[in-house]
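# Fold and contact review
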Amino acid sequence: YNVQCFLEQCIISVIAACKNIEAEIIVVDNDSTDGSKLFFNNRFKAVQFIWLKRNLGFAKANNIGLAAARGSTILFLNPDTIVPEDCFEQCLTFFHSKDKAGALGIRMIDGSGCFLKESKRGFPSLFTSFCKLSGLTVLFPSSTIFANYYLGHLPENKNQPVAVLSGAFMMVDKKVLDKLGGFDETFFMYAEDIDLSYRIQKAGYLNYYFAESTILHFKGESTKKETLQYINTFYGAMILFVKKHHGLFIGSMYTVVIQAVIAIKSLRAGVNSLFKKSGNKPEKKFTTSKAFVVSDTDTFKLIQQSTG
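Throughout what follows, the structure given in this document is the object of discussion. (Residues numbered from 1 in each chain as written. Predicted model: local features only at pLDDT ≥ 70, side-chain atom pairs only at ≥ 80, totals over all residues. Heavy atoms only, no water.)

## Comments concerning the packing of aromatic side chains
- Within this structure, the stated rule accounts for eleven aromatic pairs.
- Residues Phe40 and Phe49 carry aromatic rings whose centres are separated by 5.4 Å and whose planes lie at 35° to one another, so their mutual orientation is tilted.
- We classify Phe40 as buried; its relative accessible area is 2%.
- Look at Phe49 and you get buried, because its relative accessible area is 18%.
- Where Tyr149 meets Tyr150, the ring centres are 4.8 Å apart and the plane angle is 90°; that geometry is what we call edge-to-face. No difference in accessibility class separates Tyr149 from Tyr150, as the two residues are buried.
- Through a chain of ring-to-ring contacts, the aromatic side chains of Phe39, Phe40, Phe44, Phe49 and Trp51 assemble into a single cluster.
- Taking NZ or CZ as reference, Arg43 lies 3.9 Å from the ring centre of Phe39, over its face. (Phe/Tyr/Trp six-rings, centres within 6.5 Å; stacked < 30°, edge-to-face > 60°. Buried < 20%, exposed > 50% of the residue type's maximum accessible area, 1.4 Å probe, protein only. Lys NZ or Arg CZ within 6 Å of the ring centre and 35° of its normal.)

Below is the structure:
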């Protein structure tokens with residue numbers, strides 16, 4: 001959705017990663033308004049594009065792609081990602097070596113090279129969610145008690161079973177999806193990957209975090225963070241998940257906590273929005289740091305001149 005340039009580089013990387021395997025590539029567009037349809041017209045002949053006439057949400061669009069897929073292994077992949085050329089081969093080899101593997105996620109880094117903690121997560125129980133929302137997870141990032149949301153006590157460079165995988169890169173056995181169904185379309189966006197991970201594990205399969213390959217995930221390019229819409233959609237999805245899987249009592253308690261968080265974050269987002277509109281945004285101070293440049297001599301001189 002509205003990630004034209006990111007999608008182009010994603011497809012290029014996916015085509016390269018499919019070089020030695022039998023694969024099909026399906027792109028489902030949620031009625032983008034950035035000219036994506038015109039841009040991709042007659043590009044990437046090997047790719048099947050499905051252009052939706054309205055934004056149906058993350059879960060439903062992925063399920064439409066799933067319905068069109070013929071492969072024995074399905075990979076749900078965000079468009080704002082770049083995968084290495086040997087990524088799929090490594091993942092498939094590991095995935096098919098595990099008898100009870102239902103799904104596989106991968107180590108992800110953001111555009112600045114930082115590890116994305118959502119690569120591996122625990123289920124958002126009431127206590128786990130409280131720790132995350134209260135800041136205890138940040139204070140004790142490696143704790144087995146307070147950092148379970150991101151499984152901070154588990155090493156990021158080790159293959160291991162985990163509870164929740166990210167929908168940004170989620171490889172699933174087609175037989176498992178045929179048995180359980182795809183994403184729950186009740187979720188418009190967010191928490192649908194938690195829900196599918198939960199159902200896979202509940203059915204007796206394992207979700208594996210694969211650390212021997214790393215993908216680049218620019219993260220959230222199709223959404224604007226900290227807007228009222230984002231806050232309500234994200235936390236509303238979390239409430240929906242808890243009500244679905246943890247019962248009425250826990251769900252009600254969770255709802256009260258989350259609604260309080262929504263109110264606080266919505267107030268903060270509203271204040272930030274007013275500052276932006278009034279032009280009273282605090283001035284940012286930038287500091288310079290050392291950089292390593294690889295270029296020819298002429299380009300290096302231009303860089304020197306432009307940076308002073």
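## A short note on the side chain of Thr137
- If you trace the backbone, Thr137 turns up in helix H6 (residues 136-139).
- Residue classification places Thr137 among the buried residues on the basis of a relative accessible area of 7%.
- Among the polar contacts made by the side chain of Thr137, one reaches the main-chain carbonyl oxygen of Phe146 at a distance of 2.9 Å.
- The residues contacting Thr137, other than those within four sequence positions of it, are Cys131, Lys132, Phe146, Ala147 and Tyr150. (Helix = DSSP H or I, 4+ residues; strand = E, 2+ residues; numbered from the N terminus. Polar contact = N/O pair within 3.5 Å; in protein donor to acceptor, adjacent residues only side chain to side chain. Contact = heavy atoms within 4.5 Å.)

## Topic: the pattern of salt bridges
- Scanning the entire structure with this criterion turns up five salt bridges.
- For Arg199, the salt bridge identified is with Asp195, shortest N-O distance 2.9 Å. Taken together, the residues span about one helical turn, with Arg199 and Asp195 both in helix H8 (residues 192-202) at a distance of four residues. (Salt bridge = Lys/Arg side-chain N within 4 Å of Asp/Glu carboxyl O.)

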